[in-house]
Amino acid sequence: MNKLENIKRIRILVSGLVQGVGFRPTTYRYAHDFSLSGYVLNTPEGVTIEVQGSSEQIDAFVKKLLNNPPPLAKIMSFNTEEIRIKEENSFVILHSNISGNKKTEISSDIAVCDDCISDINDKKNRRYLYPFTNCTNCGPRFSIIQDRPYDRNKTSMSVFEMCEACQKEYDNPNDRRFHAQPNACPKCGPNLKLLVNDSCSNSDNSSLIKQTIKFIEEGKIISIKGIGGFNIVCDPFNKESVKRLRINKNRPSKSFAVMAKNIETVKKYCYISDKEEALLISKEAPIVLLKKKNQLLDDISPDNNYIGFILPYTPLHHIIFRSIDILVMTSANKSDEPIAINDDQIYELIKDKIIDNAITHNREIVNRCDDSIVQIVADKLQVIRRSRGFVPRPLNIGKTIWGDNLSMGADLKNTFSIKTANKIYMSQHIGDLNDVRNYDYQKEEVEQFCKLLDFRPEKVNIDAHPGYQNYDNNNTKIYHHHAHALSVMAEHGLLGKKVLGVICDGTGYGTDGTIWGFEFLEIDNDYRKFNRLYHLEQFLLPGGERAIDEVDRIAISISSGAKKSIFIDKKRYDQISSILDKKINCIRTSSLGRLFDGVASLCGIIQKVNYEAQAAILLQKNAELFNGVIEEHYAVSIEDEELNYKAMIKELVHDINNGVETKEVAYKFHLWVADSIVDVVKKINPEYLVFSGGCFQNVLLCKMLEQKMSDNKVKYFFNNETPINDAGVSLGQSLL
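Keep in mind the model is a prediction, meaning the values are calculated, not measured.

Now for the overall build of the protein. Looking only at helices and strands, the protein has 21 helices and 31 strands in total. Radius of gyration (C-alpha) of the protein: 28 Å, near the 27 Å computed for a compact globule of 736 residues. Principal-axis analysis of the C-alpha atoms places the extent of the protein at approximately 90 × 60 × 50 Å. Out of the 736 residues in the protein, the part that is buried amounts to 61%. Here the protein has roughly 29,500 Å² of accessible surface; of this, 45% comes from carbon and sulfur atoms. Side chains of the protein carry 94 positive and 96 negative charges; the gap between the two charge centres is 2 Å.

Here it is as structure tokens:
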């Protein structure tokens with residue numbers, strides 16, 4: 001070290017995602033590289049570092065730490081101040097300081113890294129085939145944390161006392177398991193057990209895994225405990241197993257996801273772009289929706305040209321997939337309830353004959369977290385379900401907006417959000433709140449997030465729909481489609497700019513008390529307000545919400561004034577027409593989602609759905625099969641700030657009744673939607689344009705829009721890293 005007069009000492013306060021990601025050992029190594037003394041420790045605010053040495057050494061240290069932080073770290077702030085020097089000659093890692101406000105970020109759960117995969121495949125390694133292998137760069141984080149700061153005694157790993165070998169790794173700053181809080185081995189860590197009927201087998205891990213694989217090969221339906229919850233798996237090519245799973249889960253035709261051994265296996269069934277491959281192998285390890293290249297998995301995804309693929313992301317997955325190439329992979333739950341996270345819930349599924357057996361373990365899941373779902377649309381990321389791997393990563397909105405709040409989201413695909421200063425924390429996927437079990441789950445997670453973030457809301461925001469589960473006159477009511485638009489604006493830094501929002505979905509309560517869903521909203525510099533400029537001409541939903549399931553009701557409603565479609569039963573037509581004439585329990589709507597439903601029925605594709613958006617998915621599937629040339633588009637008519645659909649329906653029914661192929665009619669309808677949007681945008685000519693709402697999960701519609709917008713100078717944005725469907729509503733709410 002240099003002479004005393006050339007020595008200085010600085011304190012560095014680092015905030016962001018800096019705990020549970022190897023920040024302290026990296027700091028330790030860099031300090032030793034530059035012969036600095038001092039210390040590093042975790043605090044509720046982040047990480048505090050003090051380093052002492054020459055100015056040149058300290059400058060080099062700071063530069064290296066900023067430019068080469070740990071791979072999983074995300075530095076939000078890095079503040080330094082010079083302080084008084086101390087008499088010391090070493091650099092140490094101190095125990096965490098747990099006093100103060102909890103401001104540091106919590107790491108999301110990370111897919112197992114290549115180094116740990118090598119460990120479990122190495123017969124000479126003491127973690128050979130150990131299903132809970134992890135290190136500083138991977139493994140459970142959010143799913144096991146009970147409180148901050150992120151230390152072992154505040155996680156569900158606190159009950160496992162490390163053996164001498166693991167403790168040595170944990171204490172060694174040069175080991176990649178240094179301060180890896182879930183660190184464990186077969187001698188001291190969690191272990192597997194097999195649940196069969198009412199009994200439990202506690203044999204060695206390898207034997208239990210072999211038995212599980214045997215059960216799968218025999219056609220049994222098995223549940224596997226993962227990071228954020230249990231999944232149900234079976235052989236996708238065992239038709240009887242798949243049929244039984246569909247019956248057990250009351251899921252007659254909705255797609256299942258599939259886990260494949262590796263990218264090469266996925267390529268046997270789907271087309272994969274470079275961006276899609278990067279997502280599959282990313283540390284977040286989401287389910288990625290991919291276009292099918294053959295019909296080999298049509299039993300798994302019968303209604304769709306796409307199927308969700310995911311790669312193994314836990315050591316247990318990798319060990320199982322040493323013997324298996326592909327498995328159905330779906331959430332372990334009864335229809336629509338929260339994903340199971342403990343053995344009691346799994347025993348209920350066994351008792352109800354939803355699954356046959358389960359392989360579980362004794363590491364508690366504190367925060368359940370379903371697999372995330374994403375897709376690539378027009379070469380850009382689109383998040384459909386933001387959960388494991390992404391949560392609780394915050395969105396930094398760049399400027400502090402007055403008033404911390406809790407925003408409760410929508411009823412379907414629910415998430416909630418917490419805004420504090422310039423950060424918004426979106427929860428994991430909660431589910432549909434019309435199921436009381438999801439409603440209760442939401443309340444539990446709100447309490448847990450408030451505890452983790454040391455947060456007390458100044459106000460609570462809710463959806464303005466008076467029929468939603470969280471509706472309360474004492475809370476601040478936010479209109480659904482306004483929140484959708486704001487979610488895109490927040491993500492892309494458009495707050496305070498004049499924006500046109502094009503919001504297309506199934507259901508959203510409007511300012512006039514009707515159900516909106518194809519809306520053009522003007523949002524000025526004061527983004528707290530909006531003005532509805534254009535919308536789809538309203539039509540009636542005969543029978544109210546029954547029309548959402550019985551979509552032929554919508555078909556009859558939207559085709560009144562046109563000839564009857566040949567696919568609509570005459571007796572049914574007269575029955576529903578009578579309801580419409582008398583306006584018995586008829587709800588007014590301008591919903592594009594419901595228009596999709598009605599058109600699917602008119603085309604004879606489906607008359608009654610068994611899951612949400614099934615009719616629209618099938619209509620998209622048919623449209624994507626068309627590869628001809630469209631000579632004449634359906635007419636776009638805009639009158640008195642309304643998109644008139646009636647002229648289009650007359651032409652569409654004429655095509656149907658005159659033998660035009662269903663796939664061509666479906667394609668032309670998609671074109672009409674895209675044409676309508678672009679025509680309205682041209683009339684308004686905004687500087688900024690945002691698209692949001694569940695209808696934009698439709699890959700074909702988005703591609704058409706991208707093509708048509710390419711000649712337009714307007715800057716346009718979709719949700720990318722935040723959900724485009726109702727799961728993103730809580731984000732938009734939190735800005736108000």
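Next comes the rest of the account.
Moving on, we get to the sheet that holds strand E1 (residues 7–17). Within the open sheet, the 5 strands sit side by side as E4-E1-E3-E2-E5. Their pairing is mixed. Lying at the two open borders of the sheet, with one neighbouring strand each, are strand E4 (74–83) and strand E5 (91–93). Each adjacent strand pair in this sheet contributes to an overall mean axis angle of 15°, direction not counted. Bridge count for E1 against strand E3 (residues 46–54) is 8 bridges, and the pairing is antiparallel. In the sheet register, Arg11 faces E3, and the bridge partner there is Glu50. Docked against the sheet, helix H1 (residues 23–33) engages E1, strand E2 (37–43), E3, E4 and E5, running at close to 170° with respect to E5. In the packing of helix H2 (residues 55–67) onto the sheet, contacts are made with E1, E3 and E4, and the angle to E3 comes to roughly 150°.

It is the contact of H1 with H2, at a shortest axis distance of 10 Å, that shows an interaxial angle of 150°. Every pair of crossing elements has a handedness; the one defined by H1 and H2 is right-handed. Packed against H1, whose contacting residues are Phe23, Thr27, Tyr30, Ala31 and Asp33, the element H2 presents Phe61, Lys64 and Leu65 at the interface. Its residues assigned to classes, the contact of H1 with H2 comprises 5 nonpolar, 1 polar and 2 charged.

Here we take up the pattern of salt bridges. Taken as a whole, this structure holds 41 salt bridges when the rule is applied. Residue Lys86 is joined to Glu50 by a salt bridge in which the shortest nitrogen-to-oxygen separation is 3.6 Å. Taken as a pair, Lys86 in the loop between E4 and E5 and Glu50 in strand E3 lie far apart in primary sequence, 36 residues in all. Taking the shortest distance from any N to any O, the salt bridge between Glu218 and Lys214 comes out at 2.6 Å.

Among the 11 residues in helix H20 (residues 699–709), 8 count as buried, and that is most of the element. For H20, the full list of buried residues reads Val699, Leu700, Leu701, Cys702, Met704, Leu705, Glu706 and Met709. Put simply, Asn698 is the residue that caps the front of H20, since its side-chain oxygen is 3.1 Å from the backbone nitrogen of Leu700.

Here the focus is the packing of helix H18 (residues 646–657) against helix H19 (residues 662–684). Relative to each other, H18 and H19 sit at 165°, their axes nearing to 10 Å. Judged by the angle between their axes, H18 and H19 are roughly antiparallel. The hand of the H18/H19 crossing is right-handed. Facing H18, whose interface residues are Met648, Leu652, Asp655 and Ile656, H19 presents Val665, Lys668, Phe669 and Trp672. Here the contact of H18 with H19 is built from residues that sort into 6 nonpolar, no polar and 2 charged.

Here we come to the side chain of Ser676. Along the chain, Ser676 falls in helix H19. If sequence neighbours within four positions are ignored, Ser676 has contacts with Val636 and Leu643.

On to the packing of aromatic side chains. Following the criterion strictly, the structure yields 17 aromatic pairs and no others. When the centroid spacing of 5.4 Å and the interplanar angle of 70° are considered together, the rings of Phe691 and Phe696 count as edge-to-face. Consider the rings of Phe691 and Phe718, whose centres lie 4.7 Å apart with planes at 20°: the pair is stacked. Here Phe691, found in strand E30 (residues 688–692), pairs with Phe718, found in strand E31 (residues 715–718); they are 27 residues apart in sequence, far enough to count as distant. Note on Phe691: relative accessible area 0%, which makes it buried. Joined through ring pairs, the aromatic side chains of Phe691, Phe696, Tyr716 and Phe718 make up one cluster. Here the basic side chain of Arg368 rests over the ring of Tyr441, its NZ or CZ set 4.7 Å away from the ring centre. The ring of Tyr313 is capped by Arg388, whose NZ or CZ atom sits 3.6 Å from the centre of that ring.

Basis of the calculations
Residues numbered from 1 in each chain as written. Predicted model: local features only at pLDDT ≥ 70, side-chain atom pairs only at ≥ 80, totals over all residues. Heavy atoms only, no water. Helix = DSSP H or I, 4+ residues; strand = E, 2+ residues; numbered from the N terminus. Rg over C-alpha atoms; globule rule 2.2 N^0.38 Å. Buried < 20%, exposed > 50% of the residue type's maximum accessible area, 1.4 Å probe, protein only. Areas by Shrake-Rupley, 256 points an atom, 1.4 Å probe, with all protein chains shown as cover. Lys, Arg positive; Asp, Glu negative; His and termini not counted. Charge placed at Lys NZ, Arg CZ, Asp CG, Glu CD. Pairing = 2+ DSSP bridges. Axes fitted to C-alpha atoms, helices over the stretch in contact; angles between N-to-C directions. Contact = heavy atoms within 4.5 Å. Left-handed = near helix turned anticlockwise from the far one by under 90°. Nonpolar A, V, L, I, M, F, W, Y, C, P; charged D, E, K, R; others polar. Salt bridge = Lys/Arg side-chain N within 4 Å of Asp/Glu carboxyl O. Polar contact = N/O pair within 3.5 Å; in protein donor to acceptor, adjacent residues only side chain to side chain. Parallel < 35°, antiparallel > 145°, perpendicular 65-115°, else oblique. Phe/Tyr/Trp six-rings, centres within 6.5 Å; stacked < 30°, edge-to-face > 60°. Lys NZ or Arg CZ within 6 Å of the ring centre and 35° of its normal.

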